[in-house]
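Close look at the chain arrangement
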Amino acid sequence: MVSTTPLKTTKSQEIFNAAQSLMPGGVNSPVRAFKSVGGQPIVFDRVKGAYAWDVDNNRYVDYIGTWGPAICGHAHPEVLSALAAALEKGTSFGAPCALENVLAEMVIDAVPSIEMVRFVNSGTEACMAVLRLMRAYTGRNKIIKFEGCYHGHADMFLVKAGSGVATLGLPDSPGVPKSTTADTLTAPYNNLEAVKALFKQHPGEISGVILEPVVGNSGFIIPDGGFLEGLREITQENGALLVFDEVMTGFRISYGGAQAKFNVTPDLTTLGKIIGGGLPVGAYGGRKEIMEMVAPAGPMYQAGTLSGNPLAMTAGIKTLEILQRSGTYEQLEAITHKLITGLLAVAKETGHAACGGNLSAMFGLFFTEGPVNSYDDAKQSDLEKFSRFHRGMLEQGVYLAPSQFEAGFMSLAHTEEDIEFTLTAARKVMSEL
Ligand SMILES: *Cc1c(COP(=O)(O)O)cnc(C)c1O
């Protein structure tokens, strides 16, 4: 049953108030702060399966899943026991370990573009390194990125960067020198003509194009038919590289990521989130001939004290093993589809303009007629309504991303009852919006 009493969040408030004098904004990553939806964030105590419990012992059905990694469900027993066993052997070696080979082979087998891989500690680090590699390989400095796509917080990517940057309305960030972003060209998502024009304006200067092959950082946006194929052609014609940032979509859109789903093979790929199974991991990989430029095989320097550490590798390996089991992606697709079609039906029933959809275990809902094909379209969403919807759902025990400019994430632990619970909550909240 849906409760009608307001959430009791006394302890969350106490802890968050204290946090604000200890850490900027009280958080260690901006979108956690609920700035765009208002109200105080909830402080978590523990997570399990599809649920999170806060420090006041309220339970939430969680559709963030620590922003993607928890695709098997939080604190999966098999991941925990593999970690417990690995822990006995130590937490970090700073030397080669066999587990790195195991995860590398799994990634290479799964992701069509990857023949060789380098593990790092976050998606940001992976994107930073891949940019250096794009430049090292082509001998060109410029890159093209798309409005509303997020590639981590490195200087060169903080231009029209979506996610928390969009949420907070920061066009760019102070501290990023103009000279650093001078080589970052931007185009609207799903706009091939804009990309062609940039290549025409800067002949022989563009090292490559980087994008989220399915966008999750300006809400949820699917590439138009022909968009990814078109980028593949344009980059090839211009001697430039195509890079898919699959930090979010890798092992989520399908086991081989968006590139397997859409059958378009980029030159390089970045990964993160799911491949760490909840521990800090990122990766970049691609054609052997390009990857062999990376030190110590080649001259492009990139390093990491904790990169490939046995705990992170263990959580990643076990998570991918679970995902390989038969029927997992069918289950994820079916349940995610059920949720989003349910939410859209409830919106219609209660008289709200809404659009959205899902691809496998990733989904999004916008409060606008739509369609949403670009960041500019996403900005048409009724943000104020989204804020009230978000707060209402939280009160009902459903934890959605605290920003219209973030996608939602389903896990294997979510059940039909969780979906029913969520739709009942949505009906109540939307009818009072
Ligand atoms: C989350 C994300 C990143 C950054 O990864 P972190 O691990 O947060 O540094 C980069 N690109 C995309 C597409 C992401 O979703």
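Before going into details, it helps to say that this report is about the structure given with it.

1. Observations concerning the pattern of salt bridges
In the structure shown here, the tally under the stated rule is 16 salt bridges. A salt bridge links Asp-183 to Lys-142; the shortest N-O distance between them is 3.1 Å. In this pair, Asp-183 sits in the loop between helix H6 (178-181) and strand S6 (184-187) while Lys-142 sits in strand S5 (residues 142-146), placing the two residues 41 residues apart along the sequence. A relative accessible area of 12% places Lys-142 in the buried class. Here Arg-287 ties to Glu-289 by a salt bridge, and the two come within 3.1 Å at their closest N and O atoms.

2. Some points on the packing of aromatic side chains
According to the stated counting rule, one finds twelve aromatic pairs in the structure shown. Residues Phe-251 and Tyr-255 carry aromatic rings whose centres are separated by 4.9 Å and whose planes lie at 85° to one another, so their mutual orientation is edge-to-face. Here the two residues Phe-251 and Tyr-255 agree in accessibility, since each one is buried. Through a chain of ring-to-ring contacts, the aromatic side chains of Phe-34, Phe-44, Tyr-60 and Tyr-399 assemble into a single cluster. Sitting above the plane of the Tyr-51 ring, Arg-59 keeps its charged end 4.0 Å from the centroid.

3. Some thoughts on the site of the ligand
Lining the immediate environment of the ligand, one finds Ser-122, Gly-123, Thr-124, Tyr-150, His-151, Gly-152, Glu-212, Asn-217, Asp-245, Val-247, Met-248 and Lys-273. Thr-124 is positioned such that a nitrogen or oxygen atom in its side chain is 2.6 Å from an oxygen atom of the ligand. One nitrogen or oxygen atom from the side chain of Asn-217 is found 3.2 Å from an oxygen atom belonging to the ligand. Coverage of the ligand by the protein amounts to 83% of the 380 Å² it exposes when considered alone.

4. Details of empty space enclosed by the protein
What the rule picks out here adds up to two cavities of 30 Å³ or more. Quantified by volume, the largest cavity comes out at close to 180 Å³. Every residue lining the largest cavity is counted, 17 residues in all, and those nearest its centre are Phe-363, Leu-365, Phe-386, Leu-400 and Glu-406. Elements that contribute at least two residues to the lining of the largest cavity include exactly helix H12 (328-349), strand S12 (362-366) and helix H14 (383-395). Of the residues contributing to the lining of the largest cavity, the split by class is eleven nonpolar, five polar and one charged. Empty space within the second largest cavity amounts to approximately 30 Å³. Lining of the second largest cavity is provided by Gly-49, Ala-50, Asp-62, Gly-65, Ala-70, Gly-73, His-74, Phe-409, Ser-411 and His-414.

5. Side note on the side chain of Asp-418
Here Asp-418 shows up in helix H15 (residues 416-431). Look at Asp-418: it is buried, it has no salt bridge, and the nearest opposite charge is Arg-59 at 4.8 Å. Within the local environment of Asp-418, its side chain forms a polar contact with the backbone nitrogen of Thr-415, the two atoms lying 2.9 Å apart. With near-sequence residues (within four places) excluded, Asp-418 lies in contact with Ala-50, Tyr-51, Val-61, Tyr-63 and Ala-413.

6. Topic: the sheet that holds strand S4 (residues 116-120)
Neighbouring strands of a sheet are bound in pairs by backbone hydrogen bonds; such pairs are parallel or else antiparallel. With mixed pairing, the seven strands of this open sheet are ordered in space as S4-S10-S9-S8-S7-S5-S6. Taken across any chain shown, the strands that pair with only one partner, and hence form the sheet edges, are S4 and S6. Strand-to-strand twist across the sheet, computed as the mean angle between neighbouring axes with direction ignored, equals 20°. With four bridges joining them, S5 and S6 adopt parallel strand pairing. Within the sheet, the bridge partner assigned to Phe-146 lies in S6 and is Ala-187.

7. A word on helix H1 (residues 10-22)
Its 13 residues place the ends of H1 19 Å apart at the C-alpha level, agreeing with the 18 Å of an ideal helix rising 1.5 Å per residue. For H1, the set of buried residues is Ser-12, Phe-16 and Ala-19. For H1, the buried positions fall inside an angular range of 55° around the axis, keeping them on one side. Of the exposed residues in H1, the ones pointing more than 90 degrees away from its buried face are Glu-14 and Ser-21.

8. Regarding the pairing of strand S3 (residues 59-62)
Walk down a regular strand and you will see the side chains alternate between the two sheet faces. Taken together, the three bridges between strand S2 (residues 51-54) and S3 define a ladder with antiparallel strand orientation. Residue pairing across strands places Tyr-51 opposite Val-61, the latter belonging to S3. Between S2 and S3, which pair antiparallel in sequence order, lie four residues; one of them, Asn-57, sits at a positive phi of approximately 70°.

9. Considering the packing of helix H2 (residues 77-87) against helix H11 (residues 310-324)
Across the interface, H2 lies against H11 with an axial gap of 9 Å and an inter-helix angle of 150°. Classified by the angle their axes make, H2 and H11 are roughly antiparallel. For H2 against H11, the interelement crossing comes out right-handed. In this structure, H2 uses Glu-78, Val-79, Ala-82, Leu-83, Ala-86 and Leu-87 to contact H11, whose residues at the interface are Leu-311, Thr-314, Ala-315, Lys-318, Thr-319 and Ile-322.

Definitions and cut-offs
Residues numbered from 1 in each chain as written. Predicted model: local features only at pLDDT ≥ 70, side-chain atom pairs only at ≥ 80, totals over all residues. Heavy atoms only, no water. Salt bridge = Lys/Arg side-chain N within 4 Å of Asp/Glu carboxyl O. Helix = DSSP H or I, 4+ residues; strand = E, 2+ residues; numbered from the N terminus. Buried < 20%, exposed > 50% of the residue type's maximum accessible area, 1.4 Å probe, protein only. Phe/Tyr/Trp six-rings, centres within 6.5 Å; stacked < 30°, edge-to-face > 60°. Lys NZ or Arg CZ within 6 Å of the ring centre and 35° of its normal. Near = heavy atom within 4 Å. Polar contact = N/O pair within 3.5 Å; in protein donor to acceptor, adjacent residues only side chain to side chain. Areas by Shrake-Rupley, 256 points an atom, 1.4 Å probe, with all protein chains shown as cover. 1 Å grid on protein atoms, 1.4 Å probe; cavity = no way out; pocket = protein on both sides within 12 Å on 5 of 7 lines; lining within 4 Å. Points joined across faces, edges and corners; volume = space filled by probe spheres on them. Nonpolar A, V, L, I, M, F, W, Y, C, P; charged D, E, K, R; others polar. Lys, Arg positive; Asp, Glu negative; His and termini not counted. Contact = heavy atoms within 4.5 Å. Pairing = 2+ DSSP bridges. Axes fitted to C-alpha atoms, helices over the stretch in contact; angles between N-to-C directions. Expected span 1.5 Å × (residues − 1). Arc of directions from axis to C-beta. Parallel < 35°, antiparallel > 145°, perpendicular 65-115°, else oblique. Left-handed = near helix turned anticlockwise from the far one by under 90°.

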